[in-house]
Amino acid sequence: MLRKLERKNSVLNTERKAPNPSSIKASQFGRRSFIKRIGWGGTALLPAAGLLASRAVTRANASHGHAGLPRGDAALLRFLAAIEILETDLWQQYNELALGNEAFQTALAVLDGDMPSYVNQNTRDEFSHQDFLNAYLMSKGQRPVSLEAFRTLPSSQATGANKSAKRLTNLTNLTVDTSWYTRYRSTGNPDFGDSFPQIVNLVDLPGIPSTDLAVNSDAIQLIANTAGFHFATVEQGGSSLYDSFLPKANGPEVIKIIAAIGGTEIQHFEVWQDKAGNAPPVPLATGTLFPDLPHSPDQLPNGIDPADPIDTNQIMPRPCKFISPHLPLCSVIRPTSTQQAGAKATILFFTAMGLFQGQSNQFFDFVSALAEEADEAGRNFD
Ligand SMILES: [Fe+2]
Ligand SMILES: [Fe+2]
């Protein structure tokens, strides 16, 4: 047990111990600290004039042709459509390589033999989310959301990738916030101001190979491990986003849509949270350490669960503070506040992970305007 605890501490303390100066960035890019550091209104990514112009356009659009859909509900669904388009784009990139690149597929399979199929299923689901939300908007007289004007980023040139396709998202230089691992194993809740350490520092790393790499090499295993954690990071963000929108929706049908698609995001997160815990250690030979994760001791038939809260098999949400610290701890999705999990927080979160590196100011203007409208929505919005 002592050895086990020591090993766990070495994992949790990688931030303090790691000689790599880039590890400092991991803590800086924690979701809360990033938001606090730059603030929404102060972000240099968003020229004020462009943002205001985009908001005016969005508002003008919102005030026309939304028969049967309150303005707030339309704003929520338009933002979700944009997020689903972005999710679809990143999952499509992962899917091409998970199904068509031997080295990437083999490395993903170390986490679970079904990983390539799981990636394919998640990708299918995201396509269905973007298609459904846009079709629903159109059925209510709304224009669908399109990000096609921003599809400008290059593809991986590795076998399996659609090399000439243009992308919306960048998976080549990710800073993956892995604090969901410790957050969901804690009794704390970001909505109460609690913060959580990274379980592993993944800074400026690719989630996909840009070129062909050797099968079973450390380099491809580090990429697959990064991807495995990135899958969970993205999907827990989606889970929190949908839950943050739920209390803002007006119409029963829109509430049903947000609850039902949001439930699927939670299912995605749960699968990926389990698989990420299987990521194997990768030695320093590649220049970056991926540590051994804290595994539970073998279970014995002695009536005792020997697992520690931090262990990789603790995949169900540990009861935490919810609504009031005076109420009993409750196993829930967290965070769900607008500040921590809403639309603007989600754009900041995706930006901080490097997903939009190479995107234009016009892209940030467009998605930020959608985010602002969505965060303003509420039951008395319209
Ligand atoms: Fe989705
Ligand atoms: Fe998703």
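Up top is the structure these notes are about.
Residues numbered from 1 in each chain as written. Chains lettered and ligands numbered in written order. Predicted model: local features only at pLDDT ≥ 70, side-chain atom pairs only at ≥ 80, totals over all residues. Heavy atoms only, no water.

J.: Whenever I open this one, the overall build of the chain confuses me. Can you help?
T.: A tally of helices and strands in the chain yields 14 helices and two strands. The burial tally for the chain puts 53% of its 382 residues in the buried class. For the chain, the exposed surface amounts to about 15800 Å²; the carbon and sulfur share of it is 57%. (Helix = DSSP H or I, 4+ residues; strand = E, 2+ residues; numbered from the N terminus. Buried < 20%, exposed > 50% of the residue type's maximum accessible area, 1.4 Å probe, protein only. Areas by Shrake-Rupley, 256 points an atom, 1.4 Å probe, with all protein chains shown as cover.)

J.: Could you clarify how one ought to interpret the pattern of salt bridges in this entry?
T.: Oppositely charged side chains may form a pair once their charged atoms are brought near each other. Applying the stated criterion to the full structure yields nine salt bridges. Of the charged contacts in the structure, one is a salt bridge between D89 and R151, with a shortest N-O distance of 2.9 Å. Taken together, the residues span a long stretch of sequence, with D89 in helix α6 (residues 71-100) and R151 in the loop between α8 (115-139) and β1 (174-176) at a distance of 62 residues. Among the salt bridges present, the one from E148 reaches R151, with a minimum N-O distance of 3.0 Å. Through salt bridges with shared partners, a single network forms among D89, E148 and R151. (Salt bridge = Lys/Arg side-chain N within 4 Å of Asp/Glu carboxyl O.)

J.: For this particular structure, what's the right way to read the packing of aromatic side chains?
T.: Using the criterion set out here, one finds 20 aromatic pairs in the structure. Relative to F229, the ring of W180 has its centre 5.6 Å away and its plane inclined at 35°; by these criteria the two rings are tilted. With W180 in helix α9 (residues 179-183) and F229 in helix α10 (residues 218-245), this residue pair connects regions lying 49 residues apart in the sequence. Note on W180: relative accessible area 0%, which makes it buried. Owing to a relative accessible area of 0%, F229 belongs among the buried residues under this scheme. One aromatic cluster is present, built from ring pairs that chain together F150, F349, F350, F356, F363, F364 and F366. Geometry around Y181 places R185 over its ring, the cationic atom sitting 3.5 Å from the centre. (Phe/Tyr/Trp six-rings, centres within 6.5 Å; stacked < 30°, edge-to-face > 60°. Lys NZ or Arg CZ within 6 Å of the ring centre and 35° of its normal.)

J.: Help me understand the side chain of S179 in this model?
T.: Structurally, the position occupied by S179 is in helix α9. Apart from residues no more than four positions distant in its own chain, S179 is found in contact with F196, P197 and Q198. (Contact = heavy atoms within 4.5 Å.)

J.: Can you walk me through the environment of S244 in this structure?
T.: With respect to the helices and strands, S244 occurs in helix α10. Residue S244 is classed as buried on the basis of its relative accessible area of 2%. The spatial distance from the C-alpha of S244 to the C-alpha of D375 is 9.3 Å, given a sequence separation of 131 residues. Among residues more than four places away in sequence, those in contact with S244 are T336, S337, A341 and G342. In terms of polar contacts, S244 uses its side chain to reach the backbone carbonyl oxygen of L241, at 2.8 Å. (Polar contact = N/O pair within 3.5 Å; in protein donor to acceptor, adjacent residues only side chain to side chain.)

J.: Looking at this model, I keep getting lost on the coordination of the iron ion (ligand 2). Mind explaining?
T.: By definition of the ideal shapes, a tetrahedral metal site with four donors has angles of 109.5 degrees and an octahedral site with six donors has angles of 90 or 180 degrees. In the first shell of the iron ion (ligand 2), the protein supplies E87 (OE), E126 (OE), E235 (OE), E235 (OE) and E265 (OE), at 2.0 to 2.7 Å from the metal. Separating the iron ion (ligand 2) and the iron ion (ligand 1) is a distance of 3.3 Å, and E87 donates to both of them. In this pair, E126 is assigned in helix α8 and E265 in helix α11 (residues 252-276), connecting sequence segments 139 residues apart. Exposure remark for E265: the relative accessible area of 0% places this residue in the buried category. (Donors = N, O, S within 2.8 Å, 3.2 Å for Na, K, Ca; no water.)

J.: Even after reading the chapter, I still don't get the packing of α6 against α10, so can you show me in this structure?
T.: A pair of packed helices is characterised by two quantities: the angle between their axes and the separation of those axes. Contact pair α6 / α10: the axes reach a minimum separation of 12 Å and the direction vectors enclose 170°. Our classification of the angle between α6 and α10 gives roughly antiparallel. In contact with L76, F79, L80, I83, E84, E87, L90, W91 and Y94 of α6, α10 contributes A227, H230, F231, V234, E235, L241, Y242 and F245. (Axes fitted to C-alpha atoms, helices over the stretch in contact; angles between N-to-C directions. Parallel < 35°, antiparallel > 145°, perpendicular 65-115°, else oblique.)

J.: Can you help me understand helix α14 (residues 361-376) in this one?
T.: Counting along an α-helix, one turn takes 3.6 residues, and residues three or four places apart therefore face a common direction. Taking 1.5 Å per residue as the helical rise, α14 with its 16 residues ought to reach 22 Å, and the 22 Å between its terminal C-alpha atoms agrees with that figure. Burial of α14 is extensive: 12 of the 16 residues sit out of reach of the surface. Along α14, the residues classified as buried are F363, F364, D365, V367, S368, A369, L370, A371, E372, E373, A374 and D375. (Expected span 1.5 Å × (residues − 1).)

J.: Can you help me understand helix α7 (residues 102-111) in this one?
T.: All buried positions along α7 are accounted for by A103, F104, A107, L108 and L111. Considered in projection along α7, the buried side chains sweep an arc of 125° and stay on one side of the axis. Its buried side turned inward, α7 meets α6, α8, α10 and α11. Capping the start of α7 is the job of one residue whose side-chain oxygen sits 3.3 Å from the backbone nitrogen of A103: N101. (Arc of directions from axis to C-beta.)

J.: Help me understand the nonpolar core in this model?
T.: Within soluble globular proteins, side chains that are nonpolar tend to cluster in buried spots. One finds L77, F79, Y94, F104 and F229 to be the most contacted residues of the largest nonpolar core, which totals 83 residues. No other element matches α6, which puts 15 residues into this core. In this view, L77 contacts L69, L133, Y136, L137, V254, I257 and I258; residues no more than four positions away in its chain are not counted. (Core = buried A, V, L, I, M, F, W, Y, C linked by side-chain atoms within 4.5 Å.)

Function cannot be inferred from these measures alone, as they are strictly geometric.
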